[in-house]
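The lines below spell out each chain.
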Amino acid sequence: MTAEDERFMELAIGEAKKAEAIGEVPIGAVIVRNSEVIASAYNLRESLQESTAHAECLAIQAASRKLKTWRLSGCTLYVTLEPCPMCAGAAVLSRLDKVVFGASDPKAGCAGTLMNLIQDRRFNHQAEVVGGVLREQCGSLLTDFFRSLRRDQKKSG
């Protein structure tokens, strides 16, 4: 973990807070190339009512549009929660060089927790994985969000 990893994870946390502000699960992502943010996104699954509207997928799509290529070689994805199977697969298929995540996901994490799709040698591409960057901050966002959601559900009935 480097100071640069922490700096870009802070930006991903900022994206996660945007999601939280609109009632989405607070997960944010940024994609960096040559120390420059080229794309950022946050969870929009509920807003769009689309199962694929995860922060990582939306950021990958935005980066591909900006670079005018689906191959994101030379890029790093920073995301506040360990990628799920879909997002880990998208990272592999988009040829990202590196995936950096904050909090581990014991229910769906596929960058080392349940399995590690991103570094599976059976695929034609693997990426470096760095986990636990600003783990506590990233985890607290999610814990606080779901605690508040449960509290609100109890109040309403």
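Residues numbered from 1 in each chain as written. Predicted model: local features only at pLDDT ≥ 70, side-chain atom pairs only at ≥ 80, totals over all residues. Heavy atoms only, no water.

Engineer: Where do I start with the sheet that holds strand S5 (residues 128–130) in this structure?
Structural biologist: Strand pairing in a sheet is mediated by backbone hydrogen bonds. Such pairs are either parallel or antiparallel. Taken in spatial order, the five strands line up as S2-S1-S3-S4-S5 in an open sheet, and their pairing is mixed. A strand with exactly one partner marks an edge of an open sheet, and here the two such strands are strand S2 (36–42) and S5. With direction set aside, neighbouring strand axes in the sheet form an average angle of 15 degrees. Examined bridge by bridge, strand S1 (residues 28–33) and strand S3 (residues 75–81) share five bridges and lie antiparallel to one another. Each bridged residue has a counterpart across the sheet, and for Ile 31 the counterpart in S3 is Leu 77. Across the sheet, helix H3 (residues 55–67) touches S1, S2 and S3, and the angle it forms with S2 is around 140 degrees. (Pairing = 2+ DSSP bridges. Helix = DSSP H or I, 4+ residues; strand = E, 2+ residues; numbered from the N terminus. Axes fitted to C-alpha atoms, helices over the stretch in contact; angles between N-to-C directions. Contact = heavy atoms within 4.5 Å.)

Engineer: Where do I start with the pairing of S1 in this structure?
Structural biologist: The side chains of a regular strand alternate, residue by residue, between the two faces of the sheet. With five of six residues buried, S1 lies mostly within the body of the structure. Examined bridge by bridge, S1 and S2 share six bridges and lie antiparallel to one another. Looking at the pairing, Gly 28 lines up with Tyr 42 of S2. Count of turn residues in the S1/S2 antiparallel hairpin: two residues, of which Asn 34 carries a positive phi of about 50 degrees. (Buried < 20%, exposed > 50% of the residue type's maximum accessible area, 1.4 Å probe, protein only.)

Engineer: Would you explain the UniProt feature "binding site: Zn(2+)" (unreviewed entry) in the chain in this entry?
Structural biologist: According to UniProt, the "binding site: Zn(2+)" (unreviewed entry) feature falls on His 54, Cys 84 and Cys 87. The annotated residues occupy 34 residues of the chain but converge on a single region, no pair of C-alpha atoms lying more than 9.3 Å apart. Here the residues from the annotation list that line the largest pocket are His 54 and Cys 84. Mapped onto the fold, Cys 84 is located in the loop between S3 and helix H4 (85–93). On the basis of relative accessibility, which here comes to 13%, the residue Cys 84 falls in the buried class. The contacts of Cys 84, once residues within four sequence positions are left out, are His 54, Ala 108 and Cys 110. Mapped onto the elements of the fold, Cys 87 is located in helix H4. Judged by its relative accessible area of 0%, Cys 87 falls in the buried class. In this structure, Cys 87 is in contact with His 54, Glu 56 and Cys 57, ignoring residues within four places of it in sequence. (UniProt positions renumbered as here; feature names shortened; annotations may be inferred. 1 Å grid on protein atoms, 1.4 Å probe; cavity = no way out; pocket = protein on both sides within 12 Å on 5 of 7 lines; lining within 4 Å.)

Engineer: What exactly am I supposed to notice about the UniProt feature "domain: CMP/dCMP-type deaminase" (unreviewed entry) in the chain here?
Structural biologist: When the UniProt feature table is mapped onto this chain, "domain: CMP/dCMP-type deaminase" (unreviewed entry) is found at residues 3–128. Taken end to end, residues 3–128 has its terminal C-alpha atoms 17 Å apart, with 36% of it in helix and 21% in strand.

Engineer: I'm lost on the packing of helix H1 (residues 3–21) against helix H5 (residues 135–156) in this one. Help?
Structural biologist: Think of two packed helices as two axes; the pair is described by the angle between the axes and how far apart they sit. One way to put it is that H1 packs onto H5 with a least axis distance of 10 Å and a crossing angle of 10 degrees. When the axis of H1 is compared with that of H5, the two are roughly parallel. The residues of H5 that touch H1, namely those facing Met 9, Glu 10, Ile 13, Ala 16, Lys 17 and Glu 20, are Gln 137, Cys 138, Leu 141 and Phe 145. (Parallel < 35°, antiparallel > 145°, perpendicular 65-115°, else oblique.)

Engineer: It is not clear to me how H1 should be interpreted in this structure. Could you clarify?
Structural biologist: Note that an α-helix has 3.6 residues per turn; residues three or four places apart therefore point the same way. Helix length check: H1 (19 residues) gives 27 Å between terminal C-alpha atoms against 27 Å at 1.5 Å per residue, within 8%. Along H1, the residues classified as buried are Asp 5, Phe 8, Met 9, Ala 12, Ile 13, Glu 15, Ala 16 and Ala 19. End-on view of H1: buried residues confined to an arc of 165 degrees, all on one side of the axis. With respect to the buried face of H1, the exposed residues turned more than 90 degrees away are Ala 3 and Ala 21. Where H1 is buried, its residues meet S1, S2, S3, strand S4 (98–103), S5 and H5. The positive-phi residue at the C-terminal boundary of H1 is Gly 23, with phi of around 85 degrees. (Expected span 1.5 Å × (residues − 1). Arc of directions from axis to C-beta.)

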